[in-house]
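# Descriptive analysis of the structure
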Amino acid sequence: MNPHNIVVAFNQDLFEKLFPAKYKLIPNLNDLYELELAFYEQQILSDSALVRNGAYFASVGGKFTRHFLICTGKSLKLPEHSSSRLKSFFEKNFFRTGYGTHGLFPYRGKFHPQMIKGLMNIMGLKPGDTVLDPMMGSGTVLVEASLMGIRSIGMDASPFCRFMTQTKLDALTMSLNRARNALNNYEEVFDYFAKRVGKPVVGIKIRGKKTPNGAMSVMEPAAEYVTKADRTQLTKKQKETSDTYNFLLLAYLDSVGYSERSSRKPPIEQFKAILERYLFVAEKIQKVLNGTQLVVSQARAMEADARDIPLESKTVDGIIFSPPYSFAIDYLDNDAFHLNYLGVETESLRNSMIGLRGKKLSEKFELYQEDMERVLSECARVLRPERICTIIVGTNNNQLGKALGVNPEEVKGIHEILIQMGEKHGLKLIKMMSRPITGISNTMRLEYILMLQRN
Ligand SMILES: C[S@@+](CC[C@H](N)C(=O)[O-])C[C@H]1O[C@@H](n2cnc3c(N)ncnc32)[C@H](O)[C@@H]1O
């Protein structure tokens, strides 16, 4: 080995080979799929579009990108008693997940918002276009699109998802004065929500409404609006009250979820810490939005079934979604408390939840495929020609093998099944990427990003 060759090799900077020197990547870009997305972003977007909407660059030609400005500053405020594992997770993922209002609720199976931003860019979505997520979950696509000037429509079969998404969207612009005031009276607020449904335990029933005294009395009328799908008829003042009510309720439901998983702190202390964090993230993003004069674009969150999308044909410019993975997460069991709180009868919802229909695992899998075929045919119908539908799906052949009673090596991965289905409906695979799943705990190891183009 000639030592000279080593020096010659080291003198060629890999990143400069990929990107001319004026493009500076964001810190903590550690995964190969991120480098790949950064590379396509730089190939597809103009410099000014990169500064406005790029996901993986800190600066271009010395000009900071909006993503960098949105993400910098103090990282997500976690309560003192949080475990060091959780703290380091958020530090490491600061540019990926810890910004905007994405951190408002820890929904299982949530997208990395930064990846969604990168994908929307390389799908050719521009400000003014419309993107659809037919299974929005916690609304990552809608929140991200709102910050990029892209219009968005999201739907989910679960009313809790609609509530959560709407609250995260509203938190980008709502007045935070009343929520701040509520934090000063957190015991009273906690008590109000706890009394509305009883003690924070799973499976409780909604009790009759009680008129509260003190800080929450002004909020009481808003309780009526919580599950209302159409809020366009509210006056400005009613909307402000409703936004605050929902913000506080989401924090309350979040604290109950935490208390179920960990007994480190009593629920009321969790509530205080969570509300502090909610206020911190909402204030932070609102400050950046004001500072960069960024106008949040229109987003519509609906309670609807992805197998029967309530949109006209050829009306959306892009679709991104992640289907439920039946064997990994039972979203209804997970959200039982929250759904009950909103007065939703979970067992009747089960029939419209993809992946949960059927009894035996093999039957569940059959029905899952049937449902997903309907979803793909609906996606193909509403997508404009030549536009792209991106599906992000985890595959776990071991569990699937068990369900079907065959060897895991013989199992066709869900991603392959979806590619075939898409093809049948005029959606052709043009790009496939994969990424390791690095969440705190997860049963799936690899996730595929499938980009299908409408013919
Ligand atoms: C993997 S999660 C999506 C998570 C989302 N990408 C996020 O960032 O939070 C899948 C979602 O599909 C929803 N879902 C299940 N069946 C559905 C149906 N028939 N129509 C619409 N959504 C459905 C579930 O409620 C769940 O929220």
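Please refer to the structure placed before this passage.
The present account deals with the structure reproduced in this document.

### Brief notes about the nonpolar core
- In this structure, M120, V131, L248, A251 and Y252 are the most contacted members of the largest nonpolar core, which totals 102 residues.
- Once you skip the residues sitting within four places of it in the chain, V131 turns out to touch M120, L125, V141, A145, I150, S152, V316, D317, G318 and I320.

### Some points on the environment of V281
- Along the chain, V281 turns up in helix α14 (residues 267–291).
- On a C-alpha basis, the gap between V281 and G103 in space is 7.8 Å, while along the polypeptide they are 178 residues apart.

### Comments concerning the site of the ligand
- M135, G137, S138, T140 and A306 are the nearest of the 24 residues found near the ligand.
- Across the shell around the ligand, the residue classes break down as 13 nonpolar, 7 polar and 4 charged.

### Some details on the sheet that holds strand β9 (residues 427–436)
- In spatial order, the strands read β6-β5-β4-β7-β8-β10-β9; together these 7 strands make up an open sheet with mixed pairing. With partners counted over all chains shown, the strands left at the sheet margins are β6 (299–303) and β9, one partner each. Neighbouring strand axes in the sheet, compared pairwise and without regard to direction, differ in orientation by 15° on average.
- In this structure, strand β4 (residues 130–133) lies alongside strand β7 (residues 316–321), joined through 2 bridges in parallel fashion. The residue of β7 that forms the bridge with L132 is I319.

### What to know about unusual backbone geometry
- With a phi close to 50°, K314 is a non-glycine residue in the positive phi region.
- Residues other than glycine seldom take positive phi values, yet E386 does so here, at roughly 70°.
- Position of E386 among the secondary structure elements: in strand β8 (residues 383–395).
- Residue class for E386 comes out exposed when judged on the 9 C-beta atoms lying within 10 Å of it.

Calculation rules
Residues numbered from 1 in each chain as written. Predicted model: local features only at pLDDT ≥ 70, side-chain atom pairs only at ≥ 80, totals over all residues. Core = buried A, V, L, I, M, F, W, Y, C linked by C-beta atoms within 7 Å. Buried ≥ 20, exposed ≤ 12 C-beta atoms within 10 Å, placed from the backbone. Contact = placed C-beta atoms within 7 Å. Helix = DSSP H or I, 4+ residues; strand = E, 2+ residues; numbered from the N terminus. Near = placed C-beta within 6 Å. Nonpolar A, V, L, I, M, F, W, Y, C, P; charged D, E, K, R; others polar. Pairing = 2+ DSSP bridges. Axes fitted to C-alpha atoms, helices over the stretch in contact; angles between N-to-C directions.

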